[in-house]
Amino acid sequence: TDIKQKDIIYPLEGYFFPARYELKDADVDPEYVAFRFLDQTAVIYNKYEEDIEKSNFTFHEILTFASIVEHEAVYDEDRPVIAGVFYNRLAQNRRLESCATLGYALGTWKTVYTIADTETEHPYNTYRNLGLPPGPGNAPGEKSIQAVLNPAETDYLYFRAAVCDLNDNKTYFSKTYDEHRRIGRELRKQCD
């Protein structure tokens, strides 16, 4: 029933598990392929069922949360820390303010979003809305699901990536908004 919510853009998004699938024939029925994807999602659910049951989230919410982590993380080791940041924000009743959800709300992904972008009225815009968006915005992999089920314990509330140096894939974490802004100013110097 979660996938039938009125605000969900693509009901099965997030449920088609991203993996390598070998098909015997190039002329295969799309319905067969869809069920293979869904079957693999069921395998993942069964693997983590106990952890999902212990969490405060439904499986749909886990997939939604993990889709945000999937989009935000460059390196696998950052996934649990990013999940931890979002858990901290949720615990403080703060908006997630994720560019992943903003891009989904706008229907376009940018390196840098404007203030006007963040003010867009849309159920997926976590700059305006508290909590998780209505559904996943991509197909999260197992490592992002693991990160949401086992987030890092951290004091971080913010993170950002370099926007101008495409060779800098580091995620910069910070505990305060002032520190977050200082890092942003330093990273923008790379644009000059």
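In this report, the structure presented in the accompanying data block is examined.

Rules behind the numbers
Residues numbered from 1 in each chain as written. Predicted model: local features only at pLDDT ≥ 70, side-chain atom pairs only at ≥ 80, totals over all residues. Heavy atoms only, no water. Salt bridge = Lys/Arg side-chain N within 4 Å of Asp/Glu carboxyl O. Helix = DSSP H or I, 4+ residues; strand = E, 2+ residues; numbered from the N terminus. Buried < 20%, exposed > 50% of the residue type's maximum accessible area, 1.4 Å probe, protein only. Axes fitted to C-alpha atoms, helices over the stretch in contact; angles between N-to-C directions. Parallel < 35°, antiparallel > 145°, perpendicular 65-115°, else oblique. Left-handed = near helix turned anticlockwise from the far one by under 90°. Contact = heavy atoms within 4.5 Å. Nonpolar A, V, L, I, M, F, W, Y, C, P; charged D, E, K, R; others polar.

1. As for the pattern of salt bridges
This structure, assessed with the given rule, holds 11 salt bridges. A salt bridge links Glu142 to Lys47, with the nearest nitrogen and oxygen atoms 2.6 Å apart. One end of the pair, Glu142, is in helix α6 (residues 142-149); the other, Lys47, is in helix α1 (residues 30-54), and 95 residues separate them in sequence. Two residues, Arg128 and Glu121, come together in a salt bridge whose shortest N-O distance is 2.5 Å. Its relative accessible area of 41% is what places Arg128 among the partly exposed residues. Residues joined by salt bridges that share partners form a network here, namely Glu70, Asp76, Arg79 and Lys143.

2. Examining the packing of helix α2 (residues 59-72) against helix α3 (residues 79-91)
Running from amino to carboxyl end, α2 crosses α3 at an angle of 130 degrees, the nearest separation of the two axes being 9 Å. Looking at the two axes, α2 sits oblique to α3. Classified by chirality, the crossing of α3 by α2 is right-handed. Mapping the contact onto sequence places Phe65, Ile68, Val69, Glu70 and Glu72 in α2 and Arg79, Ile82, Ala83, Phe86, Tyr87 and Leu90 in α3. For the contact of α2 with α3, a count of residues per class yields 8 nonpolar, no polar and 3 charged.

Shape descriptors only; they carry no functional weight alone.
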